[in-house]
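Structural overview
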Amino acid sequence: MRRVRYYENGGPEVLRLEETEVPAPGPGELLVRNEAVGVTLPVVRKVRGGGLPLPASLGGEVAGEVVATGPGVTAFKAGDRVTGLCFGDGYADHSVLQAAMASPVPEGATATDAVALVRCGLVARGAYAAARPAPGESVLVTGAASGAGHLAVQLAKELGGGRVVAAVSSTAAEAKAGFLRGLGADHVVTYDELARESADPERWGGQVDIVLDAVGGELLSPAVAALAPGGRLVAYSSGGGTIEAYDLLVGAKSAIGFQMALIARHQPELMEQWRLELWELFAAGRLRPRVHAELPLEDAAKAHELIESRVNLGKVVLRPA
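What counts and how
- Residues numbered from 1 in each chain as written.
- Predicted model: local features only at pLDDT ≥ 70, side-chain atom pairs only at ≥ 80, totals over all residues.
- Heavy atoms only, no water.
- Phe/Tyr/Trp six-rings, centres within 6.5 Å; stacked < 30°, edge-to-face > 60°.
- Helix = DSSP H or I, 4+ residues; strand = E, 2+ residues; numbered from the N terminus.
- Buried < 20%, exposed > 50% of the residue type's maximum accessible area, 1.4 Å probe, protein only.
- Pairing = 2+ DSSP bridges.
- Right-handed = clockwise from strand over helix to strand, strands pointing away.

A word on the packing of aromatic side chains. On inspection of all chains with the given rule, the structure shows one aromatic pair. On the basis of an interplanar angle of 85° and a centroid distance of 5.5 Å, the ring pair of Trp279 and Phe282 is categorised as edge-to-face. Separated by three residues within a single helix, Trp279 and Phe282 lie in helix α9 (residues 268-283), roughly one turn from each other. What makes Phe282 partly exposed here is its relative accessible area of 22%.

Quick look at the structure:
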């Protein structure tokens, strides 16, 4: 089978397509023939310098058909269509998934639907829940045109939020604005506008009750400043950054960290509840995962270039088949 690895840290140019043996599933594992693989910013950042021992494989969201099961697997069988998070060779023709991290793909949904909806949707749903929203509260979403961000915009509206503000990078800002307004955003603001000392929150309807932050870094301070007194920022980014305690103190604001892996490990029943909710919203046409590009596996470098250029409107997907 083919897989993508990297032998040194760097940009998309370090990715290498190579041949290797098809792995065998171990206890509690599934072997999946991949039909779609989701490309995420955290994986792109790891290639740039994520501290993994080299050479390294790329994990990620995969969806496809189960071709074999390991000892102890009873919930799935060969022929089932599944999606899940792969920690090993995710950019590959075949991947090994932990059965506990896999979930079925319902009839009528494609593998591309699954990688665009499930993992990013769970992150967006969980980040919103972490804010403990009250009905009608306003929400600002950073990274709003990303795979998770564009779902967070829709979920905030769908789950009872009030005004939704989408924050995006200045690259392709006009296209992103039209894209996000089409998904329900009430206002779209660029990071530059958000960060200006003279920024007027009234331009986007005033300060907000909740910020869902997928960017981090230098954007954290203006994101906190966009919060109304008593507001909550939920950080689910791998971008790092710091928040001044004084900035939280003066407005009685809060910063909350969210990591989906902890929910999967300690509250699997909650993750399953959210997953079913996402598919129900999808089936009803009330949650629309958007795919910016589908590229063949051998174009993994181009997929990373798209993510790094910040021009994508929705999910970037690799198609091994």
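Before going further, it helps to spend a moment on the pairing of strand β12 (residues 208-213). With five of six residues buried, β12 lies mostly within the body of the structure. As defined by bridge partners, strand β9 (residues 139-142) adjoins β12 across three bridges and the pair is classed as parallel. Bridge pairing links Val141 to Leu212 in β12. As paired elements, β12 and strand β13 (residues 227-235) share five bridges and run parallel to each other. Opposite Leu212, over in β13, you have Val234 as the bridge partner. Considered for its hand, the β-α-β crossover made up of β12, helix α6 (residues 220-225) and β13 is right-handed.

In this section: the sheet that holds strand β1 (residues 2-6). Read from one edge of the open sheet, three strands run β2-β1-β4, paired in antiparallel fashion. Strand pairing shows two members of the sheet lacking a second neighbour, β2 (15-19) and β4 (56-57), which therefore form its edges. Sheet topology note: the β1/β2 ladder contains five bridges and is antiparallel. Bridging across to β2, Tyr6 finds its partner in Leu15.

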